[in-house]
Amino acid sequence: MVSRSYSNLLDLTSGDSLTFGREKKRFPRVATVAGVLSELDDDASNNSVGSDAPSSISQDRMIIVGNQLPLRAHRSDDGEWCFSWDEDSLLLQLKDGLGEDVEVIYIGCLKEEIDPSEQDDVAQTLLDTFKCVPAFLPPDLFSKFYHGFCKQHLWPLFHYMLPLSPDLGGRFDRSLWQAYVSVNKIFADKVMEVISPDEDFVWVHDYHLMVLPTFLRKRFNRLRLGFFLHSPFPSSEIYRTLPVRDELLRALLNSDLIGFHTFDYARHFLSCCSRMLGLSYQSKRGYIGLEYYGRTVSIKILPVGIHIGQLQSVLDLPETETKVAELRDQFKGKTVLLGVDDMDIFKGISLKLLAMEQLLIQHPDKRGKVVLIQIANPARGRGKDVLEVQLETDATVKRINETFGKQGYSPVVLIDTPLQFYERIAYYVIAECCLVTAVRDGMNLIPYEYIICRQGNEKLNETLGLNLTTPKKSMLVVSEFIGCSPSLSGAIRVNPWNIDAVAEAMDSALIIPEGEKQLRHEKHYRYVSTHDVAYWARSFLQDLERACKDHMRRRCWGIGFGLGFRVIALDPNFRKLSVEHIVSAYKRTKCRAILLDYDGAMMLPGSIITTPNTEAIGILNSLCNDPRNVVFLVSGKERKTLTEWFSSCGKLGIAAEHGYFVRSNHNTDWETCVSVPDFDWKQIVEPVMQLYTETTDGSNIEAKESALVWNYQYADPDFGFCQAKELLDHLESVLANEPVSVKSGQHVVEVKPQGVHKGLVAERLLLTMKQKAMLPDFVLCIGDDRSDEDMFEVIMSARDSLSPVSEVFACTVGRKPSKAKYFLEDTTEIVRMLQVLANASEQAARNTAQPSQRVVIVESK
């Protein structure tokens, strides 16, 4: 599938953006002006803020991107290409759930190779007739992408197979990764040819296109983008072995909504984000979200369903009725067990056959009465492992049939030739039990199809000689390692590796009372019929709309290079603090207040050396020596530590332990902002925290005068988080009648007296100034974490305590969601800005003999 627009894409992973030369194509819809294919420069797109391009379409449109288009293709007798819809394709079936008013465009590859000379005409035909945009890939690139990186690296790893030897998937090959990225870039170009970014939704499917969200988000910052993973997502212990683990995680996080079949898969993804990227998730009103640079990436957990209408239409075919009658006669007097699997190493076909063998050994009465029909679909991949599975399957079937078979009876019937869909349906109809023993599978819809087919219809009931009023029945034996298992509560769940347990489950499925079989079938049928593919698609689109509802309201910046690109989304009123602006306001005002966080604002967070350096002391003294300034340091640290650190700052006001202790300057005594009669509650808290410290390696207790803090910064992230939740619940229970508050923070659980927070210091300071008729006309508050938000909230709403012409600067460190209106990038910018203000005070002192009164509040942890 050679594309004439293909260029050298293998340099993409170096981080350099590439542009692609395109020959003229006849696409009627493009990203900018109708009828024109615009050139898209990725370098320029780095600065895109998401308004992107004018839209000429008012109705919703969904662009569905998958590895393969939902089309079948063949050449006619005259050599022309003929195309038709692939009714079995999930991408086509999900259209039923999107609504008639949603226009759908498909982007993907064709299964057939198209000659380069025919590609333009084929592309135009597919767009005009089917609204499909084909991505033509050169055969060598496609082989490296699909058979290489997808099938040799991602597919085995996501199914828990580590490349411990060259035979098990092979070592990581950088050239295959480059091919994978290159193909994703080609898909991104195809999306850009047809997208209206302000109007369209984009839904990307499966592990073949995991880095596509980065390329699309880079070009359109406010794009409404969803991703659904149809395979399992492995545990962090497995996933972390992938050399490009961070790149894939960050690429997925450029989606607005990420979907998984089961909570286990989602939990593993969230654990990887926590352990490798330091991200935590929150659950609000049933929705799970990850905060990622100001964007909330939503997590969707919903197993895909089947297309009921398609199955029922096949059940109604005369061919199906004829095949059912044929199978009824062929297996008359025998109980049929059915397995339908692809011929690959993860489907557990050999384990199922061994269980059948064990059943016949342990239950001789089943010989001659029970038949296992194993339908083995052609493998999707290729390689040595597929051949080994085929050889093992053939050998096992031969051994069982030779051991237990007799004239007119074969215990195992292996069907390894392609079947028509109606033929497979007929096998579902006659089977008393369906067996799925995959050792790892993303979803597996075979049990769903089986349940619907067992419900049957009037004609099939007559063919099988069933009473029309008799309730239907079915039995399922399913592996606990497949995605559909949690939704089939009436199935017999098994560990496929336990051959004896699977054999016992097969026997149980056969001897279980008829009434119970009917009840289990009814329960499954009710779920499968209401949670079909249309329900799944409709639910995903609704959640995607919810996840994107604030897109146009937020301001966006694109940062990072290559696959490290991400978008920062912030409130429209949130902007960078201009040093020139604040210095101008500082110079023309006479009564000022400045609040400053020490650890995050004047000292690099996480620094080993936390004591203030000479530069910081000098800046604080310059601000304090200005008679128009009142400077306060608000910190979470103990007062003893702060007293030692800032002993040379005589005029500096200090608030310790988040405002519980306050001192206006070095010559005054410490006071308490909140009256606490006693700290007897510590005798309750400390033993509880000690218990969790002993059982959580890497945690410790920090004892303050007014508070106790359990810190798990150096513990295992997942275990520490779980222990923190347990500790929080435990403490809230035992302290229910105590005058304290229990709060969780960044790697901490803290117990402190009620009403103690940093905002209390700001309230007290502004009230004191108001009582002295000193209404500040300048307030600056800088902090870097959640504890500082209380101060931001106080000063932003304290208009009664400020001068009518006051200028308020609430500033956080870094671009992130905050109640502050301003931000500065890092500690360096904070110190530089404070130095400029200190210089202004010193200059004013030299220029005037008697300066006015000012207020400065400095806050630290």
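As a starting point, this report considers the structure included with it. All values derive from a computational prediction rather than experimental measurement.

## Here's the deal with the packing of helix α10 (residues 308-315) against helix α15 (residues 446-455)
- Their axes nearest at 10 Å, the elements α10 and α15 cross at an angle of 45°. Considering the angle they form, α10 stands oblique to α15. Classified by chirality, the crossing of α15 by α10 is right-handed. Taking contact as the criterion, the partners of Ile308, Leu311 and Leu315 in α10 are, on α15, Glu449, Ile452 and Cys453.

## Describing helix α13 (residues 384-404)
- In this model α13 runs 30 Å from its N-terminal to its C-terminal C-alpha over 21 residues, within 8% of the 30 Å that 1.5 Å per residue would give.
- Taken residue by residue, α13 has Val386, Val389, Thr393, Thr396, Val397, Ile400 and Phe404 as its buried positions. Down the axis, α13 shows its buried residues gathered within 100° of arc, on one side only. For α13, exposure combined with an orientation more than 90 degrees from the buried face picks out Lys384, Leu391, Lys398 and Glu402.
- Contacts made by the buried residues of α13 are with α12 (349-362) and β14 (412-415).

## Digging into the pairing of strand β2 (residues 71-75)
- Across 5 bridges, β2 lies against strand β3 (residues 81-85) in antiparallel orientation. Note on β3: the bridge partner recorded for Leu71 is Trp85.
- Hairpin connection between β2 and β3: a loop of 5 residues separates the two successive antiparallel strands, and Gly79 in this loop has a positive phi of roughly 90°.

## Here we look at the sheet that holds strand β17 (residues 492-494)
- Across the sheet, 6 strands lie side by side as β14-β13-β12-β15-β16-β17; this open sheet has parallel pairing. Every interior strand has two partners, whereas the edge strands, β14 and β17, have only one. Going from strand to strand, the sheet's axes swing by 20° on average, the running direction of each strand aside.
- In this sheet, strand β15 (residues 433-436) lies alongside strand β12 (residues 335-342) in parallel orientation, the contact comprising 2 bridges.

## Looking at the sheet that holds strand β29 (residues 748-753)
- The antiparallel open sheet is built from 4 strands, whose spatial order is β26-β27-β29-β28. Where the open sheet ends on each side, the last strands, each with one partner, are β26 (700-703) and β28 (740-745). In this sheet, neighbouring strand axes are inclined to one another by 15° on average, regardless of whether the strands run parallel or antiparallel.
- Docked against the sheet, helix α24 (residues 682-695) engages β26, β27 (708-711) and β29, running at close to 10° with respect to β27.

Rules and cut-offs
- Residues numbered from 1 in each chain as written.
- Predicted model: local features only at pLDDT ≥ 70, side-chain atom pairs only at ≥ 80, totals over all residues.
- Heavy atoms only, no water.
- Axes fitted to C-alpha atoms, helices over the stretch in contact; angles between N-to-C directions.
- Helix = DSSP H or I, 4+ residues; strand = E, 2+ residues; numbered from the N terminus.
- Parallel < 35°, antiparallel > 145°, perpendicular 65-115°, else oblique.
- Left-handed = near helix turned anticlockwise from the far one by under 90°.
- Contact = heavy atoms within 4.5 Å.
- Expected span 1.5 Å × (residues − 1).
- Buried < 20%, exposed > 50% of the residue type's maximum accessible area, 1.4 Å probe, protein only.
- Arc of directions from axis to C-beta.
- Pairing = 2+ DSSP bridges.

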